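Spelled out from the first residue to the last, the chains are:
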Amino acid sequence: MSIPLEDIQQTVIYIPYQGDEDSEEETTEPSQTLTLIHPEDDLDNGPLLRFDAYRAAWTQCLDRVKSIIAELYSPVATDIVLHLSTAHTDILPGLPFPELPVITITDVSGSSVFLDHLTTRIDAEAGTMVTHLYPHDCVNLALGMKALISGFVDRIDDAPKRKPATSLAAYDINVLQAWFDTFAGNSDLSDFSFLFEPRPNLVVLLHDFEQFDTSVIQDMLYICSLQVSTLPLTFLLSLAAPSPASYLQASFSRSTLTLIRPYHFAVPSGPEVLNTIIIKTFFDKEYHVHLLPGPTLLEYLEDYYLTRNTSLDSLITILQIAHLKHFTTDVFTVLSITTPQISATPTPTELAFLESLLIRLHAEQSAKDASSQWLARARSPDILLQAVDAEREKFWHSVSMTKLGITIMNVMLTSLRGTSSAAVQKGLDRWRGAAGLRRVLDKEKDGVDGLADVLRKLSPAECDMLSEKIEPYSENLPEEFRPTNPNIHLSDRLEHLLRDLLEPPEKLTSLWTVWYTGFTPFPSEMLNPALRTSIISGLSFPQSFTGQDLPPSADDEDILEDLPDTSILFKGYLKAGKMINVYDWFDHFRTVLESQRARVIRTSSLTKGKGKAKAKGKGKAKKVDDDVDMDGGDSEEKWKLSVQARFIRALHELDYLGFIKHTSRGGGGRKGEFVLKTVLGIVE
Amino acid sequence: MATGHPGYERLVYEIISLFAGRVPPFLYINDRISVRTTGNVVNSVLSSISRSTDASSRVYHAKINAAACITPRMLYDTILNQLVEWQVKWEDGCKIWPGTDEQRWNENLDGFFHGLKAAYALRERSNSKMVVGYSGQIIIVIERAERLPDHMPDLLVPLTRLAELTQLDLSVIFVSEVPWEDIRPPFGGSPDPYYIDVAPLAKEAVLHRLNSNFDALSSKAPTTPNPYHPNLRSLYSQFASVILDTCFLYVQDSNELQYIAAARWPGFVKSILPSAGDQEDDRDVDMVGDSLQPPSEDTRMRLIRTFKPSFKAALETLYPRLDHAKHWAAAQESRLGSSQESGSGGIPDRKGDEENEDGVRITDLPRMSKFILIAAHLASTNPPKSDLKLFGRGLDEKKRKRRRANTKSGGGAEKAPQRVLGPNAFPLDRLLAILGALLEENDVDRRLPPPEPYYTIPGEETDVEIARVGVYGAIIELSSTGLLHRTSASDKLDGPPTFKCGISSETAKQLAGQVGVALHDLLWDPA
């Protein structure tokens, strides 16, 4: 297989694992990355093809999410843009001094999505210019002012050259004033300036406003407010604080507050945003995505969004990871969008791929009723691949019915919101939001069972309204879903209809795993790991991370012998009290190593040349071998030295991980031979 | 000249009389109430002197703001450019005044002295053509002089001794809100200035200022009906005096009073101005003139009676800038509209609104952040020793309650409860421990089942939960948004970071209600 290393167009290059040529021991052990996918039935260029498929699917999903977000955000963005355009003209007359317009944008999710959207909107406005300031630009006043001024001034390409010595300093606001006077024209602002046309607007966007040094910002606002009558500056502050007004009150002095005229805008957030994005992206009948999220993913998404991080960035990240995982774990995801061409005379790898594909296609069918199909498909790759195409079509056709069901359900839920009694609302809450979708899609759960019971509580007027709303959708239904008996009550009719429509996607075709994530768990540890716990459990049970099984042993001491040095030391750490005497610790370590060594000598003398050292870590194991091979008193001296060295290395490893605090030499009579434990009360 | 600055007549006369003779080299004008107005008055008087054609009082005037001039170099440039009336132009690369022989003046203090001399010489040359025998004088006004020690501490002494050092006829005027004693350099480095203390304005003077401000606006205003129509002058004056009656006791700054008046006035006169709909119809000049007759005495009394309660509200909201004038005026207007319909008095209740708004935003926080905030509130109000009793597992409910009751009644000297004293600082570990206890009690059922059932010990999963990266990230994020306050320095690595709770107990209660925590039972000393 050729690896296109030279091709700079490639964003990702897949280099298959070929084993470590230096060590023969390692190649015999299966690596964990290799157990994830099944290389034996993968195509030669499978990873590359799957990467392409992933990229297509993810780009489509991301575009859709982005456009929905833009739609959600556009009302607020429009308000802000409108406000910006009048910020310097719509002034209350009679104020003692002109105020500096300030707009705060509260984004509880703290993500950059909204600001990107807003910036593009503002850039599209005529006469408005935006300069972005970041906290690291403004470590002091001079740098902050310089960044602010150059953000505007440097837009002019053929600017006259300013000499450092004989021109105004780069942080002098008069530079900006001179530039503005030249390029934007200037007329005196009076208290009745609302009679003038809208003027050019200079917008300063401060990202992560909380991270700025407040004193620097106050000085900057003061300087700009002195010039505001001749220089139409507007400050946009992006905050994550839920209450911008009280944040400004708390962080600015009153004298600064008198200079500014703050308006507060909030970016939409909360569960509604999540629901809209999920439903419109994946369950919109008009829009086709290549991967449908399963109940587990939806559940995780909702939990993560509501419990941990209400940011759209994290939402997008989760979706992307889910896509990545989907396209890396299953070889058949190659077939997700298109079917690759395979010639009539397949290579051995292609043959393996086709074979397992055939098995997968017929996994759930009994041999009897599928035998003719099986034979036909087994004869030629073309027929098999055509069958895949048919399956794909079938899956998405059925999914479009599911989508229709979800749309009807959504219409029902929104139209009943706020109109019905509390009991109905409570009953309907089960199906609301992403969690409701999960319930609907999960065949293990009860689906839409019980919906009729809830709907029966509706008043007749509400029933009429509901059926009116649903009418346009049921007209589009295919024949088989049309209600057979129009006389039954609306509630039962709806429940039947929804149950028919909402067929769990995993029942649709045997190849469903290609297009549906189903019940595969989301790798949540990748997104939100518990570091300390992982480190401790890694030190305690290193074998569960390397994937190697320990030889079964009843004795605790025997287990110790099989561990790497740091883990041996860590076991001693766990047993100690608040403080550890380093010499005792070393003694313990030495005894373990010595018994390890004795065992190695024993086994090597028993089976010479066959199974060498069993100890972990090839470097260390080799060292032991070398020591064993050497005989005589000289080697005994060397062994002691090496034990000491290994102890020091392990000790420092624990030190770097932050487990140890050293006592000072001479302080408190400890003379440095004790170390303090920093992590106490660990349960193994 | 003094008529343009009502209330500042004394200051104006003092400056003018000083400039009639020989000006002291260093003046210090101190105004504790409204320094910005004083600075404007001084500068406008000086610039009118410098523009006057009287050759006997020729003045070269430069004004700088010590808060805006951030480096010595910027200060040199600004002063010299102003003295020679040099206009900075973008086209020639924002060049500063080059002097006569392209010398560089802004390198250091010595260069600046030479620059001053050169500037003086240049101005003198251009003047001597007109009147011989009189020499001009350089006046440098430095506003917000209290910021000089921050930005350029080394320049404070040279600036105060500038006349001596340059041997020029020169005077430096510091205008500041702090007294000279507070910024005076040590060891008598600076000579004692000529002090001018600006007394707070009298009520009449402020009224005069408000009225003249109205006159200035109405002269610029269009003839169509607007709040600043000349015919409304007498009503405004009455309005202003009522505002002063209400507010002058608390606020003497004429700017603040003007701010309040400007916020209230448009709403006040709105009812007697023709509404927008009428204006559309009445394009006739006559009609417009008719409609803006000064209101009758009766109307005035009625208006003032209706609006008087809102003056105090305006003071309470606008002086601390809980809201700004424009928004406040709009909010008042809409409130008045709704309250007139319902028939109740238009007394604003701004505070309630504000808190509701905060509450709405805070509900959007993720669930984990809510738990962290509740834990922080508990850690800040409960004494650390009570944690084990309140959250300790294994004790049965009865025992817990009894212990609490005992300790409470057995207290000796009456101590103020912590909720009155404000939040206590607590280390991160304590926050996480309380968070763990809260989650274990209230959040276990909601949790998603872990992918593999490898948590065997009860509470183990919670221990993992609170050690997740997301929790630490949320704590840092909350402390950056001000809902938690970090009390230890961020660059201190030794020991755990300490925090304080930044939310009120009301907000904590609200959050606890949302996530279903029985907060009252967990407080050591509930209100």
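Criteria and thresholds
Residues numbered from 1 in each chain as written. Chains lettered and ligands numbered in written order. Predicted model: local features only at pLDDT ≥ 70, side-chain atom pairs only at ≥ 80, totals over all residues. Helix = DSSP H or I, 4+ residues; strand = E, 2+ residues; numbered from the N terminus. Buried ≥ 20, exposed ≤ 12 C-beta atoms within 10 Å, placed from the backbone. Contact = placed C-beta atoms within 7 Å. Pairing = 2+ DSSP bridges. Nonpolar A, V, L, I, M, F, W, Y, C, P; charged D, E, K, R; others polar. UniProt positions renumbered as here; feature names shortened; annotations may be inferred. Axes fitted to C-alpha atoms, helices over the stretch in contact; angles between N-to-C directions. Parallel < 35°, antiparallel > 145°, perpendicular 65-115°, else oblique. Left-handed = near helix turned anticlockwise from the far one by under 90°. pLDDT = per-residue confidence, 0-100. Expected span 1.5 Å × (residues − 1). Core = buried A, V, L, I, M, F, W, Y, C linked by C-beta atoms within 7 Å.

**So, the overall build of chain B**
The secondary structure content of chain B amounts to 25 helices and 8 strands. Residues classed as buried in chain B amount to 36% of the 527 residues present.

**Some points on the overall build of chain A**
Of regular secondary structure, chain A possesses 28 helices and 8 strands. Looking at chain A residue by residue over its 684 residues, the buried ones come to 34%. Considering only contacts within chain A whose residues lie at least 6 apart along the sequence, 77% involve residues at least 24 apart.

**A closer look at the sheet that holds strand 8 (residues 498–501) of chain B**
All names here are of chain B. Strand order in the open sheet made by the 3 strands is 6-8-7, with antiparallel pairing throughout. The two strands at the open ends of the sheet, each matched to only one other strand, are strand 6 (426–427) and strand 7 (484–486). Note: strand 7 against strand 8, 3 bridges, orientation antiparallel. By the bridge assignment for strand 8, Arg486 is matched with Phe499.

**Structural notes on the interface of chain A and chain B**
In many analyses, interface size is given as the accessible surface area lost on bringing the parts together. Each partner contributes to the interface: chain A provides 68 residues, whereas chain B provides 57 residues. In terms of residues, the side of chain A that touches chain B owes the most to one element, helix 11 (residues 295–308) of chain A, which gives 6 residues. Tallied by class, the residues present in the side of chain A that touches chain B amount to 35 nonpolar, 19 polar and 14 charged.

**Quick notes on the pairing of strand 3 (residues 137–143) of chain B**
The side chains of a regular strand alternate, first on one face of the sheet and then on the other. All names here are of chain B. Among the 7 residues in strand 3, 7 count as buried, and that is most of the element. Neither face of strand 3 is exposed, since Gln137, Ile139, Val141 and Glu143 on one face and Ile138, Ile140 and Ile142 on the opposite face are all buried. Pairing geometry for strand 2 (residues 59–65) and strand 3, over 7 bridges, is parallel. Across the sheet, Val59 pairs through a bridge with Gln137, a residue of strand 3. By the bridge criterion, 6 bridges tie strand 3 to strand 4 (residues 170–176) in an arrangement that is parallel. Residue pairing for strand 4: Ile142 is matched across the bridge by Phe174.

**Re the UniProt feature "domain: ORC5 lid" (unreviewed entry) in chain B**
Mapped onto this numbering, the UniProt entry gives "domain: ORC5 lid" (unreviewed entry) at residues 236–273 of chain B. As annotated, residues 236–273 of chain B has a helix share of 76% and a strand share of 0%, and its two end C-alpha atoms lie 13 Å apart.

**Some details on the packing of helix 10 (residues 233–247) of chain B against helix 11 (residues 254–270) of chain B**
Residues and elements named next belong to chain B. Between helix 10 and helix 11, the shortest axis-to-axis distance is 11 Å and the interhelical angle comes to 130°. Classed by the angle they form, the pair helix 10 and helix 11 counts as oblique. Crossing geometry of helix 10 relative to helix 11 is assigned as right-handed. On the side of helix 10, the interface is formed by Tyr236, Phe239, Ala240, Ile243, Leu244 and Cys247, while helix 11 contributes Leu257, Ile260, Ala261, Arg264, Trp265 and Phe268. Taken together, the residues that form the contact of helix 10 with helix 11 break down as 11 nonpolar, no polar and 1 charged.

**Focus on the sheet that holds strand 8 (residues 674–677) of chain A**
Residues and elements named next belong to chain A. Sheet architecture is open: 3 strands sit in the order 6-8-7, paired in antiparallel fashion. If you trace the sheet from one side to the other, it starts and ends with strand 6 (579–581) and strand 7 (660–662), each paired once. Looking at each pair of strands side by side, their axes are set apart by 35° on average, direction ignored.

**With respect to the confidence of the model for chain B**
Residues and elements named next belong to chain B. This prediction gives chain B a mean pLDDT of 78; 81% of its residues lie at or above 70. Under a pLDDT of 50 for its full length, residues 277–290 has, in the predicted model, 7 contacts with residues more than four places off or in other chains. Across residues 341–357 the pLDDT falls below 50, and counting only partners more than four positions away or on other chains, this stretch makes 15 contacts in the model. Among the scores for the predicted complex, ipTM is 0.84 and pTM is 0.76.

**Digging into unusual backbone geometry**
Residues and elements named next belong to chain B. For Glu85, which is not a glycine, the phi torsion comes out positive at approximately 55°. Here Glu85 lies in the loop between helix 3 (72–83) and helix 4 (109–128). Even without glycine at this site, Arg144 takes up a positive phi of about 50°. Relative to the helices and strands, Arg144 resides in the loop between strand 3 and helix 5 (148–151).

**As for helix 12 (residues 312–329) of chain A**
Look at helix 12 of chain A: 26 Å from first C-alpha to last across 18 residues, which is about the 26 Å you get at 1.5 Å a residue. Those residues of helix 12 of chain A that fall on the buried side of the exposure criterion are Leu312, Ser314, Leu315, Ile318, Leu319, Ala322, His323, His326 and Phe327 of chain A.

**Focus on the environment of Met301 of chain B**
Within the secondary structure, Met301 of chain B sits in helix 14 (residues 297–318). Here the alpha-carbon distance between Met301 of chain B and Leu170 of chain B, two residues 131 residues apart in the chain, equals 56 Å.

**Examining the pairing of strand 8 of chain A**
Residues and elements named next belong to chain A. With 3 bridges joining them, strand 6 and strand 8 adopt antiparallel strand pairing. By the bridge assignment, Asn581 is partnered in strand 8 with Phe674. Pairing analysis gives 3 bridges linking strand 7 to strand 8, with the strands arranged antiparallel. Bridging from a neighbouring strand, His662 pairs with Val675 of strand 8.

**Things to note about helix 10 (residues 271–282) of chain A**
In a regular helix each residue adds 1.5 Å, so 12 residues correspond to 16 Å; helix 10 of chain A covers 17 Å between its end C-alpha atoms and thus fits that length. Within the span of helix 10 of chain A, buried status applies to Val273, Leu274, Asn275, Ile277, Ile278, Ile279, Thr281 and Phe282 of chain A.

**Digging into the confidence of the model for chain A**
Residue and element names in this part refer to chain A. Confidence along chain A averages 74 in pLDDT terms, with 72% of residues attaining 70 or more. A low-confidence stretch, residues 21–38 (pLDDT under 50), is modelled with 18 contacts involving residues beyond four sequence positions or located in other chains. Low pLDDT (under 50) marks residues 609–630, which in the prediction has 32 contacts with non-local residues, meaning those over four places away or in another chain.

**Some words on the nonpolar core**
Formed by 211 residues in total, the largest nonpolar core has its most connected members in Ile142, Ile173, Ile372, Ile374, Ala375 and Leu435 of chain B. Here the element with the most residues in this core is helix 3 (residues 46–86) of chain A; it accounts for 14 residues. In this structure, Ala375 of chain B is in contact with Leu431, Ile434, Leu435 and Leu438 of chain B, ignoring residues within four places of it in sequence. One finds Leu92 of chain A together with Leu207, Phe268 and Phe311 of chain B within the second-largest nonpolar core, a separate group that totals 36 residues.

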